[in-house]
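Coordinates in review
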Amino acid sequence: MTIAGTSSFVLNRRHLLGIEGLSHDEISGLLDLAEEFVELNRQIEKKRTSLRGRTQINLFFESSTRTQSSFELAGKRLGADVMNMAVVSSSIKKGETLIDTAITLNAMHPDILVVRHHASGAVELLAQKVDGSVINAGDGAHEHPTQALLDALTIRRNKGRIEGLTVAICGDVLHSRVARSNIILLNAMGANVRVVGPSTLLPSNVERLGVTVMRDMREGLHNADIVMMLRLQRERMNGSFVPSTQEYFAYFGLDQHKLSYAKPDAMVMHPGPMNRGVEIDSGVADGAQSLIREQVEMGVAVRMAVLEALARNLPNA
Amino acid sequence: MPMFSDRHPILLANARIIDPSRDLDFAGDLLMADGVIREAKRGIGAAGVPAGTEIMDCKGFIVAPGLIDMRAFVGEPGAEYRETLASASQAAAAGGVTTIICQPDTTPAIDDPAIVDFILRRARDTAIVHVQTMAALTKNLEGREMTEIGLLKAAGAVAFTDGAHSVTNAQVMRRTLAYARDFDALVVHQTEDPDLVGEGVMNEGEFATRLGLHGIPTAAEAIMLERDMRLVGLTDARYHAAAITCRQSLEILQRAKENGLPVTASASINHLTLNQIDIGPYRTFFKVRPPLRAEEDRVALVEAVASGLIDVIMSDHNPQDVETKRLPFAEAAPGAIGLETMLSAGLRLVNNHDLPLITLLGAMSTKPAERLGVPGGTLRNGAPADVIVIDPDIPWVLDPADLKSKCKNTPFDEARLQGRVIRTIVAGRTAYEYAPS
């Protein structure tokens, strides 16, 4: 059995490069469409044909397991031909530039390019050189729009709304594209957003993005509805940004005790992959308040929604 | 051989003559012959000139000393594909720059008297404007060992600098300043603490945070400038801050000047006319070092030029090609070309009434000539006939295809500008004439 789609939402733009610039209605439209795919994905027959004949290339300049497989599955379930290209291991090593790669791939007429790159702005640069749609799967410390959308969907399904909720984003905000996209999206949808972390991991003037800045977990988690933990890269733990793993966990790692500062029904999120015992305790990560596994499920649905909504806007659609 | 037109007497008649070296701004005529300025006064007229004099009616135009660009990165030797002395001089002439001061950041670095000699000879043979060069302050610009300041000066180096590099070791800086003092050499230094710069690629603050780019704090500049002021206090060396970009540095400079230290400073035309917001969606042509700062810093810099706290405006000409610019922002090379646009961009400040015209022209000609001790920067009788004619009103749009520089990395790409050089005369010969396309 297949579920007939009811949402006819079209994303009236060629690319999805970031949450920045998306309207409240566009975000809601994508989340509503994603809801349909959540249902579809729980059926045995998960296939749609809306992207049949389309070619989707997942172009990853930075390695990724979950985002890439999530996009791959999303494209295949919509009927697209999906090709994965891990550029870390191929042409960049031969000296080919980002632009050359874009031009080369463009000659193969992909309809959709899903791109991840380690440099902020690189996906936008690539988008200027291709004819199809480009979806940003993470660029440097800039944006990761599908992660913010899947987080929003997860929140909405569990809390029934986003508006008015208090969301605490905790940890390495400085290096996090997930944090930036979430801050923009949550603000656009009317949530109260806090960032919590040591000053060394908070970007300069981050309050200008419309967040309250806190440097203490007790204060930062007080009355929070959602506690969103961020990954701290190993190389940043040894004295360069924080003194040690132990100290970081003591002051900023989410354990059951710190979680008790938040509302009793607060939910815990993490974009993955987790460093258990660094930013999050295993008991919390696997506990009753955790939404971490659900986030992964929502990831496929949201990416199907983004692919579908962009494809509806492609020529000859 | 460079393409010099023949040298005949020229009378620039009915002009508005501005000579910042004497604070003069008057209506009159200027006569040049034999490569020097004969006189500039009201009413020389056709009757008062030698036979064979070309008379150019300059009604509505401004006549001023040719510009002296105190900081241009050229690329010869080592990066001739980006810019040669010849191509840089063509660009200079088109921008009204009659003297280029080369920076030593070449391959090899200009840290040896033989390379100074090479630059000067090569310029003599290929360039259509005057070329002078600074020499490295430390060997290979590494900040460890001082160069042969005495011999380099004797070979013709007009000042000593590590160009875009900063000398981080305070002991090396102190000794080099003390040694330079004995030779009365001018030390020019870009102050940027590389550790505080870190991975930074643009000004630190809200905009860097939004773009997800690492920021460079203004403190990176101010801390080293403050250190240098203390070292100048210890050594009494002649010192010039190469590129001031922020309000914090201006406060330090102000104090140093009030205390009577032998200190002067430059700001680049980019920092006076652009700010960090111009970077917009990761436009790498706006990536420069030090980075474009906040609007309030830009405004403070312009005020500092107006008050004389900033002495010199330079182009910071730095040619980069598509291979180094058509990259993600963090990976792109910093730098913007500026020889051809320095004056027109500066005229924006005049047109907006932020800066008197004579101050702008002085900061681009008289002040660098005086500080470096090079000829030019004046319309006095007997001075070299390095003169420009400016149409202050002509509107034009910068088409990168018209640029003479080998590289097209201009932040004024497609910019609407008002006013430009229409004729550049170097040593009495016409090096450039504007021909609208």
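Above: the structure in question.
What this report covers is the structure whose coordinates are included nearby. Given the structure is predicted, the values throughout are model-derived calculations rather than measurements. (Residues numbered from 1 in each chain as written. Chains lettered and ligands numbered in written order. Predicted model: local features only at pLDDT ≥ 70, side-chain atom pairs only at ≥ 80, totals over all residues. Heavy atoms only, no water.)

Before going further, it helps to spend a moment on the overall build of chain B. Helix and strand counts for chain B stand at 14 helices and 19 strands. Taking 22 Å as the expected radius of gyration for a compact globule of 437 residues, we find that chain B reaches 21 Å, a close match to that expectation. Summarising its shape, the C-alpha atoms of chain B cover approximately 65 × 50 × 45 Å along the three principal directions. Considering chain B as a whole, with its 437 residues, one finds that 62% of them fall into the buried category. Nonlocal contacts in chain B, meaning residues at least 24 apart in sequence, comprise 75% of its contacts between residues at least 6 apart. With 43 positive and 57 negative side-chain charges, chain B shows a separation of 2 Å between the mean positions of the two kinds. (Helix = DSSP H or I, 4+ residues; strand = E, 2+ residues; numbered from the N terminus. Rg over C-alpha atoms; globule rule 2.2 N^0.38 Å. Buried < 20%, exposed > 50% of the residue type's maximum accessible area, 1.4 Å probe, protein only. Contact = heavy atoms within 4.5 Å. Lys, Arg positive; Asp, Glu negative; His and termini not counted. Charge placed at Lys NZ, Arg CZ, Asp CG, Glu CD.)

Before going further, it helps to spend a moment on the pairing of strand β5 (residues 166-170) of chain A. Residues and elements named next belong to chain A. In terms of residue burial, β5 counts as a mostly covered element, since 5 of its 5 residues are buried. By the alternation rule, side chains of β5 split into Thr-166, Ala-168 and Cys-170 and Val-167 and Ile-169, which are all buried. Here β5 pairs with strand β6 (residues 192-196) via 5 bridges, running parallel. Looking at β6, one finds that Thr-166 is bridged to Asn-192. (Pairing = 2+ DSSP bridges.)

With that settled, the discussion passes to the nonpolar core. Among the nonpolar cores identified, the biggest contains 103 residues, and Ile100(B), Tyr239(B), Ile310(B), Leu343(B) and Leu360(B) are the most heavily contacted of them. Ranked by size, the runner-up nonpolar core spans 66 residues in total, among them Ile112(A), Ala152(A), Met269(A) and Leu310(A). (Core = buried A, V, L, I, M, F, W, Y, C linked by side-chain atoms within 4.5 Å.)

On to the side chain of Thr366(B). Residue position: Thr366(B) is located in helix α14 (residues 366-372). Not counting chain neighbours up to four residues away, the residues in contact with Thr366(B) comprise Pro20(B), Ser21(B), Leu361(B) and Gly377(B).

Attention now moves to the packing of aromatic side chains. Under the defined criterion, the tally for this structure stands at 2 aromatic pairs over all chains. On the basis of an interplanar angle of 40 degrees and a centroid distance of 5.1 Å, the ring pair of Tyr179(B) and Phe183(B) is categorised as tilted. Looking at Phe183(B), the relative accessible area reads 33%, which means it is partly exposed. Above the ring of Phe249(A), the side-chain terminus of Lys258(A) is found at 5.6 Å from the ring centroid. (Phe/Tyr/Trp six-rings, centres within 6.5 Å; stacked < 30°, edge-to-face > 60°. Lys NZ or Arg CZ within 6 Å of the ring centre and 35° of its normal.)

Side chains of Asp399(B), Asp402(B), Asp413(B) and Glu414(B) sit close together on the surface and give a patch of like negative charge. If you trace the backbone, Asp399(B) turns up in the loop between β17 (387-397) and β18 (416-426). (Patch = residues over 30% accessible without salt bridge, like charges linked within 9 Å, V, L, I, M, F, W, Y side chains within 5 Å. Areas by Shrake-Rupley, 256 points an atom, 1.4 Å probe, with all protein chains shown as cover. Salt bridge = Lys/Arg side-chain N within 4 Å of Asp/Glu carboxyl O.)

Here the focus is the state of the cysteines. Inspection of the entire model under this criterion finds 0 disulfides over all chains. In this structure Cys102(B) is not part of a disulfide, and its nearest cysteine sulfur, from Cys407(B), lies 15 Å away. (Disulfide = S-S within 2.5 Å.)

Residue and element names in this part refer to chain A. The strand order β2-β1-β3-β4 describes an open sheet built from 4 strands, whose pairing is parallel. Each edge of the sheet is formed by a strand with only one pairing partner; in this case those strands are β2 (81-86) and β4 (133-139). Strand-to-strand twist across the sheet, computed as the mean angle between neighbouring axes with direction ignored, equals 15 degrees. Contacting β1 (55-60), β2, β3 (112-117) and β4, helix α2 (residues 66-77) runs over the sheet at an angle of about 180 degrees to β1. (Axes fitted to C-alpha atoms, helices over the stretch in contact; angles between N-to-C directions.)

Another aspect to go through is α2(A). The end-to-end C-alpha distance of α2(A), which contains 12 residues, comes to 16 Å, matching closely the 16 Å that a straight helix rising 1.5 Å per residue would cover. Burial in α2(A) covers these residues: Thr67(A), Gln68(A), Ser70(A), Phe71(A), Ala74(A), Gly75(A) and Arg77(A). (Expected span 1.5 Å × (residues − 1).)

Residue and element names in this part refer to chain B. Burial of helix α1 (residues 85-94) is extensive: 8 of the 10 residues sit out of reach of the surface. Looking at α1, one finds that the buried residues are Leu-85, Ser-87, Ala-88, Ser-89, Ala-91, Ala-92, Ala-93 and Ala-94. Among the structural elements, β7 (97-102), α2 (113-126), β8 (130-133), β18 and β19 (429-433) are those in contact with the buried residues of α1. One or two steps after α1, the chain reaches Gly-96, where phi turns positive at roughly 85 degrees.

Take the interface of chain A and chain B next. At the junction of the two partners, chain A supplies 22 residues and chain B supplies 16 residues. Carbon and sulfur atoms supply 58% of the area that chain A and chain B bury against each other, a total of about 1,600 Å² over both sides. At the junction of chain A and chain B, the tally comes to 1 salt bridge. Between Arg208(A) and Glu206(B) there is a salt bridge, with the nearest N and O atoms lying 3.1 Å from each other. Linking chain A to chain B there are 8 residue pairs in polar contact (both at pLDDT 80 or more). Looking at the side of chain A that touches chain B, the elements with two or more residues in it are α3 (98-106) and α4 (122-127) of chain A. Ranked by the residues each element gives to the side of chain A that touches chain B, the list is headed by α4(A), at 3 residues. Across the side of chain A that touches chain B, the residue classes tally to 9 nonpolar, 8 polar and 5 charged. (Buried area = accessible area lost by both parts, 1.4 Å probe. Polar contact = N/O pair within 3.5 Å; in protein donor to acceptor, adjacent residues only side chain to side chain. Nonpolar A, V, L, I, M, F, W, Y, C, P; charged D, E, K, R; others polar.)

Right, let's get into the pairing of strand β11 (residues 186-189) of chain B. Residue and element names in this part refer to chain B. The two faces of β11 match: Leu-186 and Val-188 on one face and Val-187 and His-189 on the other face are all buried. In this structure, strand β10 (residues 160-161) lies alongside β11, joined through 2 bridges in parallel fashion. Bridge assignment links Thr-161 to a residue of β11, and that residue is Val-188. With helix α4 (residues 170-182) bridging β10 and the parallel β11, this β-α-β connection has right-handed handedness. In the sheet, β11 pairs with strand β14 (residues 238-241) via 4 bridges, with the strands oriented parallel. Bridging from a neighbouring strand, Val-187 pairs with Tyr-239 of β14. (Right-handed = clockwise from strand over helix to strand, strands pointing away.)

The subject of this paragraph is the sheet that holds β10(B). Residues and elements named next belong to chain B. Read across the open sheet, the 6 strands follow the order β9-β10-β11-β14-β15-β16; overall the sheet is parallel. On the outer flanks of this sheet lie β9 (135-136) and β16 (312-314), each paired with one strand and no other. When β9 meets β10, the two strands line up parallel, connected through 2 bridges. From the neighbouring strand, Ala-136 faces β10, where its bridge partner is Thr-161.

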